[in-house]
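So the chains spell out like this:
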Amino acid sequence: MRWLFVLLAAVTLTVVVACGGGDDSANPSGTSQVSGGGLTAEAVDKLKQIVGADPTVAEIAGNQPYKLEELGPWSAGAVPESGQEIFIGAIATMVLSQPVKHVERDLPVATIRTYYPSWSPEDRAKYAPYRQGTARFAVDNLSRLHLSVDLDRGKVVGIKIQTEQDVNQRVAAVPVQPTPQSTSGMSQAATTIINSDPTLSAIIAGRTNQSGAGSTYTIANAHFAADAYTFDSPQSIEADWHVLFEFDQATGLYQAQTIHFSAADVATVSVVIDLDKGAIAWLEPVRQKAGPTATP
């Protein structure tokens, strides 16, 4: 399923997300019910109400009791100029009183837009700080769910489940249908589109970088190519970025918007080409990971 990972970021990720049908309406000011040190009593009460009324949670848990643990604020990060945190709402771990033997279903996924705090106030007022979609999972012995709740919208926008050995919870992603077809390498058409795009040319000009081998994808009747440009050192880049807003992994239909912002600590630029339209579909910066990752 690496095809979608590459299309979404042109780098290897770990979660399959179908970005279709999500609501991208904005939360212009961020929630007023969260403090920097944690959740207010009012926010906790609202969180409980939202979770208790959520239809997906109800379908999974049934009528059994549950506990909400590890409550905390959910943030999109701080605005660079002011340092003001953009709070979205709350996160919580839902612990079921009795494990559910087996569940297979679509779950909502909310992916924070990495550079959202760097967008202009006008663009932040138009769009939510996360991209919403769905992912299908099969779970055995479901005991815990990790929730992301937008308090201002009054909605559970993300439900994350993962393998948790201490409660014998086992999770597997379910492959999307139809299965996309992929081949390694970039076509001449894709290379021509990349080389002629003025925005990408301006971004990589004068910056030492390496591009990958690239890949070509067919999703239903849609045709894409994807590549990534990795810099020798982190870059600060101001540009008109083509940001992905929705992607339907079953049909290949997508929506992208041009957002002007300055991105700091850019390690890689991800580019996806729409071969049917003969143009770049989306072009986004990928932030450098913070610090080395320990390996066993």
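A brief report on the enclosed structure follows. (Residues numbered from 1 in each chain as written. Predicted model: local features only at pLDDT ≥ 70, side-chain atom pairs only at ≥ 80, totals over all residues. Heavy atoms only, no water.)

**Brief notes about the overall build of the chain**
- Across its full length, the chain holds six helices and 13 strands.
- Scored against the burial criterion, the 296 residues of the chain give a buried share of 47%.
- Accessible surface, the chain: about 14200 Å² in total, of which carbon and sulfur atoms supply 50%. (Helix = DSSP H or I, 4+ residues; strand = E, 2+ residues; numbered from the N terminus. Buried < 20%, exposed > 50% of the residue type's maximum accessible area, 1.4 Å probe, protein only. Areas by Shrake-Rupley, 256 points an atom, 1.4 Å probe, with all protein chains shown as cover.)

**What to know about empty space enclosed by the protein**
- Counted by the stated rule, this structure contains one cavity of 30 Å³ or more.
- Taken as a whole, the largest cavity spans an internal volume of roughly 40 Å³.
- As for the largest cavity, its lining consists of Ile60, Val103, Arg105, Leu107, Phe137, Val139, Leu142, Leu145 and Ile161.
- For the lining of the largest cavity, the elements supplying multiple residues, two or more each, are β4 (85-112) and β5 (130-150).
- With four residues, the top contributor of residues to the lining of the largest cavity is β5.
- Across the lining of the largest cavity, the residue classes tally to eight nonpolar, no polar and one charged. (1 Å grid on protein atoms, 1.4 Å probe; cavity = no way out; pocket = protein on both sides within 12 Å on 5 of 7 lines; lining within 4 Å. Points joined across faces, edges and corners; volume = space filled by probe spheres on them. Nonpolar A, V, L, I, M, F, W, Y, C, P; charged D, E, K, R; others polar.)

**Observations regarding the environment of Ser236**
- Along the chain, Ser236 turns up in strand β11 (residues 222-247).
- Classification of Ser236 as exposed rests on a relative accessible area of 53%.
- Beyond its immediate sequence surroundings of up to four residues, Ser236 is in contact with Arg207, Ala263, Ala264 and Asp265. (Contact = heavy atoms within 4.5 Å.)

**Considering the nonpolar core**
- Trp241 and Val269 are the most contacted members of the largest nonpolar core, which totals 35 residues.
- Secondary-structure elements contributing two or more residues to this core are β3 (66-78), β4, α5 (188-196), α6 (198-204), β11, β12 (254-274) and β13 (279-287).
- Per-element tally for this core: the top contributor is β11, with eight residues.
- By size, the runner-up hydrophobic cluster in this structure holds 27 residues, among which are Ala92, Val109, Val139 and Leu145. (Core = buried A, V, L, I, M, F, W, Y, C linked by side-chain atoms within 4.5 Å.)

**What to know about the packing of aromatic side chains**
- Applying the stated rule across the entire model yields 13 aromatic pairs.
- Centre to centre, the rings of Trp119 and Phe261 are 6.3 Å apart; their planes meet at 35°, and the pair counts as tilted. One end of the pair, Trp119, is in the loop between β4 and α4 (121-126); the other, Phe261, is in strand β12, with 142 residues separating them in the sequence. Across this residue pair, the class does not change: Trp119 and Phe261 are buried.
- Taking the centre distance of 6.3 Å and the plane angle of 50° together, the rings of Phe224 and Trp282 count as tilted. Residue Phe224 is located in strand β11, and its partner Trp282 is located in strand β13; the two are separated by 58 residues in the primary sequence.
- Residue Trp282 is classed as buried on the basis of its relative accessible area, which comes to 0%.
- By the ring-pair criterion, three or more aromatic residues cluster together here, those being Tyr115, Tyr116, Trp119, Tyr127, Trp241, Phe245 and Phe261.
- One cation-aromatic arrangement involves Arg113 over Phe245; the distance from NZ or CZ to the ring centre is 4.3 Å. (Phe/Tyr/Trp six-rings, centres within 6.5 Å; stacked < 30°, edge-to-face > 60°. Lys NZ or Arg CZ within 6 Å of the ring centre and 35° of its normal.)

**What to know about α5**
- Buried within α5 are the following residues: Ala190, Ile193 and Ile194. Buried positions in α5, seen along its axis, are confined to an arc of 95° and lie on one side of it. Across from the buried face of α5, at angles greater than 90 degrees, the exposed residues are Gln188, Asn195 and Ser196.
- Residues of α5 that are buried make contact with α6, β11, β12 and β13. (Arc of directions from axis to C-beta.)

**Considerations on the environment of Ala76**
- Here Ala76 is to be found in strand β3.
- For Ala76, a relative accessible area of 9% gives the class buried.
- The sequence separation of Ala76 and Tyr130 amounts to 54 residues, and the corresponding C-alpha distance is 8.0 Å.
- Those residues in contact with Ala76 that lie beyond four places of it in its chain are Ile86, Ile88, Ile112, Tyr116, Pro117 and Pro129.

**Concerning the pattern of salt bridges**
- If you walk through the whole model with that rule in mind, you get seven salt bridges.
- Of the charged contacts in the structure, one is a salt bridge between Asp106 and Arg136, with a shortest N-O distance of 3.2 Å. Separated by 30 residues along the polypeptide, Asp106 in strand β4 and Arg136 in strand β5 bring together distant segments of the chain.
- Assessed through its relative accessible area of 36%, Asp106 is described here as partly exposed.
- With a shortest N-O distance of 2.7 Å, Arg144 and Asp166 are connected by a salt bridge. Taken together, the residues Arg144 in strand β5 and Asp166 in the loop between β6 (155-160) and β7 (170-173) connect sequence positions 22 residues apart.
- Judged by its relative accessible area of 59%, Asp166 is exposed.
- Several salt bridges share partner residues, and in doing so they unite Glu104, Asp106 and Arg136 into one network. (Salt bridge = Lys/Arg side-chain N within 4 Å of Asp/Glu carboxyl O.)

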